[in-house]
Amino acid sequence: MKMYYNWEKMTNTEELRVVCNLIRNGEIIIFPTETVYGIGANALDANAVGKIFAAKGRPSDNPLIVHLADRNKIQEVAQDITEVEQELIDNFMPGPFTLILKRKPIIPDIVTAGLDTVAIRIPENIIAKGIITYSGVPIAAPSANISGKPSGTKIEDIRKELEGKVSAIVDGGETKIGIESTVVKVIDEVPVVLRPGKITPEQIDAVIGRVRIDKNILGTLNKDEVAESPGMKYKHYAPETSCKLVYCKDELDQIFYLKKFIKQYDGDVVVIGVEEHKEKLFLDDQRFISVGKKDNLEDYARNIFSALRKADQIKSSKIIIEGVKMEGLGYAIMNRLIRTCEHDFFEKQ
Ligand code: AMP
Ligand code: MG
């Protein structure tokens with residue numbers, strides 16, 4: 001049976017029927033969203049959702065996000081929605097925003113890792129929307145990658161890693177945003193950001209008048225602490241090659257320290273950084289992967305996961321990654337990169 005579908009230019013409605021039937025029949029598929037690609041299954045079918053965990057090698061205590069076609073569907077899977085939660089829904093959904101709500105029993109335990117809450121998102125991407133709508137069921141979907149690896153944002157990367165483990169792969173081109181959604185839980189009427197993303201704390205504050213950032217976001221929890229967002233405690237976004245993150249506020253410092261670290265590994269490194277720095281570091285295409293122009297955080301976010309995979313293929317002693325300023329979208333990027341580098345982070349403010 002056909003398993004690769006290219007809908008980059010246009011969704012093929014005949015094929016859409018086939019793909020949605022797979023979902024309804026308890027199979028798993030890969031599909032694009034505006035953040036990253038997802039591996040989806042019918043969220044109401046515990047057996048189907050089990051296939052996602054098996055394909056990814058995902059730990060069973062890491063819950064999945066349930067994707068819905070529109071706001072009217074929220075009440076089918078969640079209950080006791082508070083005023084603050086409703087305001088967040090009205091302002092940020094559909095979009096790259098995930099809200100943790102009190103779950104309804106219809107959602108099986110495997111989806112929520114037994115928690116009494118469920119994470120919901122309404123994607124904006126037209127292909128994702130079509131698949132959820134015509135499947136007629138909520139779709140549980142984590143990112144399309146082997147657990148612990150960088151998320152899948154390009155179909156070539158995903159095919160290499162997951163082909164043969166799913167029933168269909170839908171190609172919608174490169175994902176627009178490139179990093180995963182902002183995850184928020186309302187605690188005592190305060191929106192708490194559990195995972196930063198494209199929707200920034202500043203944007204949430206502007207709407208609700210308050211916001212908090214979970215302390216686990218840029219650090220690690222002590223062993224005896226319970227993670228509010230279970231997924232954030234795992235090693236994540238990491239290629240095979242070990243990585244080092246470097247961020248200096250001053251650009252001359254940044255170049256100086258990058259050179260120093262390159263020398264430390266006798267030049268056997270790959271640098272992931274901004275285009276303008278390639279020549280300054282005297283590196284060629286084998287040793288330097290660009291994530292876009294300086295200060296363009298949107299390009300950085302879109303390119304970072306595929307850059308990590310590309311750097312890994314070069315098989316060097318170390319991947320050195322240029323960090324960004326921790327504000328706005330930069331906050332979300334650094335949250336991922338600190339995990340990529342397992343806290344090997346050189347910083348000079
Ligand atoms: P991924 O599916 O890889 O995009 O990751 C989903 C993220 O949402 C992980 O960090 C999960 O731990 C988090 N998450 C999902 N469901 C819940 C929930 N009910 N409560 C808190 N965090 C959740
Ligand atoms: Mg993931």
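Definitions and cut-offs
Residues numbered from 1 in each chain as written. Chains lettered and ligands numbered in written order. Predicted model: local features only at pLDDT ≥ 70, side-chain atom pairs only at ≥ 80, totals over all residues. Heavy atoms only, no water. Salt bridge = Lys/Arg side-chain N within 4 Å of Asp/Glu carboxyl O. Helix = DSSP H or I, 4+ residues; strand = E, 2+ residues; numbered from the N terminus. Buried < 20%, exposed > 50% of the residue type's maximum accessible area, 1.4 Å probe, protein only. Disulfide = S-S within 2.5 Å. 1 Å grid on protein atoms, 1.4 Å probe; cavity = no way out; pocket = protein on both sides within 12 Å on 5 of 7 lines; lining within 4 Å. Points joined across faces, edges and corners; volume = space filled by probe spheres on them. Nonpolar A, V, L, I, M, F, W, Y, C, P; charged D, E, K, R; others polar.

Chemist: Is there a simple way to explain the pattern of salt bridges in this structure?
Modeler: Close approach of charged atoms allows side chains with opposite charge to pair. In total, this model carries 20 salt bridges according to the counting rule given. Its salt-bridge partner being Glu-34, residue Arg-121 comes within 3.0 Å of it at the nearest N-O pair. Residue Arg-121 is found in strand S7 (residues 117-121), and its partner Glu-34 is found in the loop between strand S2 (29-31) and strand S3 (38-42); the two are separated by 87 residues along the sequence. By relative accessible area, Arg-121 is classed as buried at 2%. Among the charged side chains, a salt-bridge network with shared partners connects Lys-244, Lys-318 and Asp-344.

Chemist: What exactly am I supposed to notice about the state of the cysteines here?
Modeler: A disulfide bridge is the covalent bond that connects two cysteines by way of their sulfur atoms. On inspection of all chains with the given rule, the structure shows 0 disulfides. As a non-bridged cysteine, Cys-248 has Cys-341 as the owner of its nearest cysteine sulfur, 14 Å distant.

Chemist: Hey, could you run me through the layout of surface pockets in this one?
Modeler: One way to see where empty space is left: roll a probe the size of a water molecule over the atoms. What the largest pocket holds in volume is close to 660 Å³. Of all the elements in the fold, those that place two or more residues in the lining of the largest pocket are strand S4 (65-67), S7 and strand S10 (182-187). Residue contributions to the lining of the largest pocket peak at 4 residues, all from S7. Residue composition of the lining of the largest pocket, by class: 19 nonpolar, 15 polar and 9 charged. Of the pockets and cavities examined, the second largest pocket occupies roughly 380 Å³. For the second largest pocket, the lining is made up of 19 residues, of which Tyr-247, Lys-294, Asp-295, Gly-323 and Val-324 are closest to its centre. For the lining of the second largest pocket, the per-class residue count stands at 6 nonpolar, 4 polar and 9 charged.

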